[in-house]
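Architecture and fold: a report
These are the residues of each chain, in order.
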Amino acid sequence: AANFARLIDNVTCNRLQDVVTACSTALDAEEGFAQFNYGSAGAGTSNSQFFTASEETSRSSSHPIAELKFATTVDRLIATAGIPPPHHVKIDVDGNEYRILRGMADLLSAAAAPVSIQVELNEPHTDDILEFLKDHRYRLIDKHYTRSAERRRKQTGDCAGGCNGVFRRAA
């Protein structure tokens, strides 16, 4: 909620109200209401998590604030809300990347599919994401590691977590 307020402030400050239409909804593989657990109420924070009804939704000490949030799919937004298909996509949502990708399967199969996708690759869905994107004619062309993951990789050789994969659509 605080990040959305900052986005609105930025749109207004930059006089982009006629260009940018903000949308405060969660993205998922299907539509419905579920719990969005905030890691913090402050703007610019991370580690918040959207949980579907079939998942554990209890609040923990790491998620002290929750909101009932409506989720939709990227495919539905494009089909019904007049949102144009994106040319490039970046997904880094602390664990729900695979579900969001599944909710954009029609887009990824379309002639107007994005040219590139950057997505956070973390367990347990890294292999699922790689296979899903391969099935939609995307190939991994690069990886970017967070600073902490890069340090861990250099010290221990462990490459798990903290990586964003960059994928390009095959011609």
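As the structure is a prediction and not an experimental result, all values here were calculated from the model.

**Some points on the overall build of the protein**
When its secondary structure is counted, the protein shows 6 helices and 8 strands. For a compact globule of 171 residues, the expected C-alpha radius of gyration is about 16 Å, and the protein comes in at 17 Å, within 12% of that figure. By residue count, 33% of the 171 residues in the protein fall in the buried class. Summing over all exposed atoms, the protein offers an accessible surface of approximately 10400 Å²; the carbon and sulfur share of this is 51%. The positive charge centre, built from 19 side chains, and the negative charge centre, built from 22, are 7 Å apart in the protein.

**Some words on the sheet that holds strand S7 (residues 138–145)**
Sheet architecture is open: 4 strands sit in the order S5-S6-S8-S7, paired in mixed fashion. The strands lining the two open edges of the sheet, one partner per strand, are strand S5 (88–91) and S7. Adjacent strand axes in the sheet meet at a mean angle of 20 degrees when their direction is disregarded. By the bridge criterion, 6 bridges tie strand S6 (residues 116–121) to strand S8 (residues 163–169) in an arrangement that is antiparallel. From the neighbouring strand, Glu 120 faces S8, where its bridge partner is Asn 164.

**Points about the side chain of His 136**
Along the chain, His 136 turns up in the loop between helix H5 (126–135) and S7. Ignoring any residue separated from it by four or fewer positions in sequence, one finds His 136 in contact with Ala 105, Leu 108, Ser 109 and Arg 169.

**A word on the nonpolar core**
Of all hydrophobic cores here, the largest spans 19 residues; its most connected members are Leu 101, Met 104, Leu 108, Val 119 and Leu 133. Put simply, the parts of the chain that give this core at least two residues each are S5, helix H3 (97–102), helix H4 (105–109), S6, H5 and S8. Apart from residues lying up to four places away in sequence, Leu 101 is in contact with Ile 91, Leu 108, Val 119, Ile 129, Phe 132 and Leu 133.

**Some details on unusual backbone geometry**
A cis amide bond links Glu 123 to the next residue, Pro 124, at an omega of 10 degrees. By the element assignment, Pro 124 lies in the loop between S6 and H5. The backbone phi angle of Arg 15 is positive, close to 55 degrees, even though this residue is not glycine. Within the fold, Arg 15 resides in the loop between helix H1 (2–13) and strand S1 (26–27). The phi angle at Arg 137 is positive, at roughly 70 degrees, despite the residue not being glycine. Since its relative accessible area comes to 41%, Arg 137 is described here as partly exposed.

**Notes on the pattern of salt bridges**
Counted under the stated rule, the structure contains 5 salt bridges. The shortest N-O distance in the salt bridge between Asp 9 and Arg 6 comes to 2.6 Å. Highlighted residues: Asp 9 and Arg 6, both in helix H1, separated by 3 residues, approximately one helical turn. Given a relative accessible area of 40%, Asp 9 falls into the partly exposed group.

**Considering the packing of aromatic side chains**
Counted by the stated rule, this structure contains 3 aromatic pairs. Summarising the aromatic geometry, the rings of Phe 33 and Phe 70 are spaced 5.1 Å apart at their centres and angled 65 degrees between planes, so their arrangement reads as edge-to-face. In this pair, Phe 33 is assigned in strand S2 (residues 32–38) and Phe 70 in strand S4 (residues 65–72), connecting sequence segments 37 residues apart. The ring of Tyr 98 is capped by Arg 102, whose NZ or CZ atom sits 5.1 Å from the centre of that ring.

Here is what the cut-offs are and how they apply
- Residues numbered from 1 in each chain as written.
- Predicted model: local features only at pLDDT ≥ 70, side-chain atom pairs only at ≥ 80, totals over all residues.
- Heavy atoms only, no water.
- Helix = DSSP H or I, 4+ residues; strand = E, 2+ residues; numbered from the N terminus.
- Rg over C-alpha atoms; globule rule 2.2 N^0.38 Å.
- Buried < 20%, exposed > 50% of the residue type's maximum accessible area, 1.4 Å probe, protein only.
- Areas by Shrake-Rupley, 256 points an atom, 1.4 Å probe, with all protein chains shown as cover.
- Lys, Arg positive; Asp, Glu negative; His and termini not counted.
- Charge placed at Lys NZ, Arg CZ, Asp CG, Glu CD.
- Pairing = 2+ DSSP bridges.
- Axes fitted to C-alpha atoms, helices over the stretch in contact; angles between N-to-C directions.
- Contact = heavy atoms within 4.5 Å.
- Core = buried A, V, L, I, M, F, W, Y, C linked by side-chain atoms within 4.5 Å.
- Salt bridge = Lys/Arg side-chain N within 4 Å of Asp/Glu carboxyl O.
- Phe/Tyr/Trp six-rings, centres within 6.5 Å; stacked < 30°, edge-to-face > 60°.
- Lys NZ or Arg CZ within 6 Å of the ring centre and 35° of its normal.

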